[in-house]
Amino acid sequence: MYPYLKRLIGHGLALAAVIGVLALPQRTEAREAAGARPATTEAPAARTVTFRGRAFDTCQAPPVSTLRAWRSSPYRGVGVYFGGRGRACPHQRHLSKQWVADADRMGWRVLPAFVGSQSPCVHAKNKRHVRIGRAPWRQGRKEGRDAVNAAKAHGMLAGSALYLDMEAYDEGDRRCARTTLDFVRGWNREVRKHAYLPGFYSSAESGVRHMERSRKAGVTDLPSVMWFARWNGKPALYGERVLPRDAWAPHRRIHQYAGNVSEKHGGKRLTIDRNSVDAPVARIGR
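Residues numbered from 1 in each chain as written. Predicted model: local features only at pLDDT ≥ 70, side-chain atom pairs only at ≥ 80, totals over all residues. Heavy atoms only, no water.

For the rest of this paragraph, the subject is the packing of helix H5 (residues 174–193) against helix H6 (residues 204–216). With their axes 11 Å apart at the nearest point, H5 and H6 run at an angle of 80 degrees to one another. On the basis of the axis angle, H5 is roughly perpendicular to H6. For the pair H5 and H6, contact is made by Ala177, Leu181 and Val184 and by His210, Met211 and Ser214, respectively. When its residues are assigned to classes, the contact of H5 with H6 shows four nonpolar, two polar and no charged. (Axes fitted to C-alpha atoms, helices over the stretch in contact; angles between N-to-C directions. Helix = DSSP H or I, 4+ residues; strand = E, 2+ residues; numbered from the N terminus. Parallel < 35°, antiparallel > 145°, perpendicular 65-115°, else oblique. Contact = heavy atoms within 4.5 Å. Nonpolar A, V, L, I, M, F, W, Y, C, P; charged D, E, K, R; others polar.)

Here is the idea: a disulfide is a covalent bond, and it sits between the sulfur atoms of two cysteines. Considering all chains together, one arrives at two disulfides under this definition. Paired through a disulfide, Cys59 and Cys89 show a sulfur-sulfur distance of 1.9 Å. Between Cys59 and Cys89, the S-S torsion sits near 115 degrees, and that sign places the bridge as right-handed. Of the two residues, Cys59 sits in the loop between strand E1 (49–57) and helix H2 (64–69) while Cys89 sits in the loop between strand E2 (77–83) and helix H3 (97–105), which places them 30 residues apart along the sequence. Using a relative accessible area of 31% as the deciding quantity, one classes Cys59 as partly exposed. Here Cys121 engages in a disulfide with Cys176; their sulfurs sit 1.9 Å apart. Taking the sign of the S-S torsion, about -90 degrees here, the bridge from Cys121 to Cys176 comes out left-handed. Of this pair, Cys121 sits in the loop between strand E3 (109–114) and helix H4 (136–153) while Cys176 is found in helix H5, placing the two residues 55 residues apart along the sequence. (Disulfide = S-S within 2.5 Å. Buried < 20%, exposed > 50% of the residue type's maximum accessible area, 1.4 Å probe, protein only.)

Turning our eyes to something else, we now look at the nonpolar core. In this structure, Phe56, Phe82, Trp99, Trp108, Met156, Leu162 and Met211 are the most contacted members of the largest nonpolar core, which totals 53 residues. The greatest single-element share of this core, amounting to six residues, is contributed by H5. For Trp108, the residues in contact, after removing those within four places along its chain, are Phe56, Leu67, Trp70, Arg71, Ser73, Tyr75, Arg76, Gly77, Val78 and Ala103. With 15 residues, the next largest nonpolar core counts Ala55, Ala161, Tyr201 and Val281 among its residues. (Core = buried A, V, L, I, M, F, W, Y, C linked by side-chain atoms within 4.5 Å.)

As a note on interpretation, predicted positions should not be read in detail where pLDDT is low. This prediction gives the protein a mean pLDDT of 88; 84% of its residues lie at or above 70. The low-confidence segment residues 1–30, where pLDDT is below 50, has one contact with residues more than four positions distant or belonging to other chains. Across residues 33–41, where pLDDT falls below 50, the model places 22 contacts with residues more than four positions away in sequence or in other chains. (pLDDT = per-residue confidence, 0-100.)

Take a look at the structure:
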């Protein structure tokens, strides 16, 4: 009887193991929905396009005629606010799939910025109406899908870098920082799932410092590219004091070194932010 009992127990343990494996996805999904930290999963890597040089961004994408005139400028990259409920200029009069294709044909490298929900402790009063809600992980995933869909609608292919714009916030407020990080990680997870590259824009002294602290702590699902704002007037891609030289490198940094400056090229004047770039940009379909 003992050998029979031993076999019976063995079969029972095997069955329990199978049931446990089958139950694991449901438990993981429940934890993920609650804002837990599952391991990073990514779609197969798509080809990226890296640009090194100077770029400008402006609230309203300029007309194609201005882009053509600005080919006489030192800039070869252009930042565009292609989606998100927090955009200061939500009605982009010129930005379209055709605009992106025309810019690409003229040799411009496009930096797509998505201004979604903002940190609960965002400093800017004009962003407080779009603060992150009570389910930051799920909200981040949802807005990540929105970003991917908007990128596709503008002709930006898989492998494109999409930059989440998170305006300056009080990263010293632990509860707020946790909510913000959960949102950012959820957004990154969803963008990666669709084979796009998640980037992150913020102030060097708030969001960027927060991401660097999280990187040192071993947090997963962090941004792949860092676009940091420090308006000191001098490009310093690898001299930023809150980022070690080996963090977000190589070819994973953008420094916004001046803001709200007026420039005129080819007879066309714009108010812009100035950027130094060594990072992935959008891949444009023709």
